[in-house]
Every structure is written in structure tokens, then in C-alpha cells.
Amino acid sequence: MTVIERREIALVDLLDRLLAGGVVITGDITLRIADVDLVRIDLNALISSVNEQVPSPFEEPV
């Protein structure tokens, strides 16, 4: 085993790295019976941390 294979990353460290840069999640879900679309859900989500350098997109500028 190499050093990279033995390296363990805690879940908290992984989440910290993802939130620091931001994550975009997209997906489509379709419920279909007999080739008839009954329900379609489109998912677009942005997950990111907010601080002084990266302000919240929901607040009005000062």
C-alpha cells in the first residue's frame, strides 16, 4: 500500500473542504408507469459556506 492509499480523511474534513469551495448538485427524477410520465422532479442545489468574504446571496447589498 502506498501512502495515499493508507491516508484516512475524516468526514468532517471532507465536508469542510467541500463547503469551502461549494458544491453543486443536479439531478432529474421521473416516476413513470407503462411509459407514461406521472411525476418529474428537477433538482438544482448549491451548497456553500457563507462568511464575510462570501456574502449570502439572499441578503440585500449594503
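Residues numbered from 1 in each chain as written. Predicted model: local features only at pLDDT ≥ 70, side-chain atom pairs only at ≥ 80, totals over all residues. Heavy atoms only, no water.

**Looking at the environment of L31**
Part 1 of the reasoning: For L31, the location among the structural elements is in strand β1 (residues 23-33).
Part 2 of the reasoning: For L31 and I41, which are 10 residues apart along the polypeptide, the C-alpha to C-alpha distance reads 8.7 Å. (Helix = DSSP H or I, 4+ residues; strand = E, 2+ residues; numbered from the N terminus.)

**Quick word on the confidence of the model for the protein**
Part 1 of the reasoning: On average, residues of the protein carry a pLDDT of 77, and 74% of them reach 70 or more.
Part 2 of the reasoning: Within the protein, β1 carries the highest mean pLDDT (89), whereas helix α1 (residues 3-6) carries the lowest (57). (pLDDT = per-residue confidence, 0-100.)

**A short note on a nonpolar patch on the surface**
Part 1 of the reasoning: A surface patch of nonpolar side chains, about 640 Å² in accessible area, is lined by I29, L31, I33, V36, L38, V39 and I41.
Part 2 of the reasoning: For the nonpolar patch, the secondary structure elements donating two or more residues are β1 and β2 (36-47).
Part 3 of the reasoning: Broken down by element, the nonpolar patch gets its largest block of residues, 4 residues, from β2.
Part 4 of the reasoning: As for its placement among the helices and strands, I29 is situated in strand β1. (Patch = residues over 30% accessible without salt bridge, like charges linked within 9 Å, V, L, I, M, F, W, Y side chains within 5 Å. Areas by Shrake-Rupley, 256 points an atom, 1.4 Å probe, with all protein chains shown as cover. Salt bridge = Lys/Arg side-chain N within 4 Å of Asp/Glu carboxyl O.)

**A short note on the pairing of β2**
Part 1 of the reasoning: Pairing geometry for β1 and β2, over 11 bridges, is antiparallel. What sits directly across from L31, in β2, is V39. (Pairing = 2+ DSSP bridges.)

**Things to note about the environment of G21**
Part 1 of the reasoning: Counting through the fold element by element, G21 comes out in helix α2 (residues 11-21).
Part 2 of the reasoning: A relative accessible area of 65% places G21 in the exposed class.
Part 3 of the reasoning: Expressed as a C-alpha distance, the spacing of G21 and I47, which sit 26 residues apart in the sequence, is 9.2 Å. (Buried < 20%, exposed > 50% of the residue type's maximum accessible area, 1.4 Å probe, protein only.)

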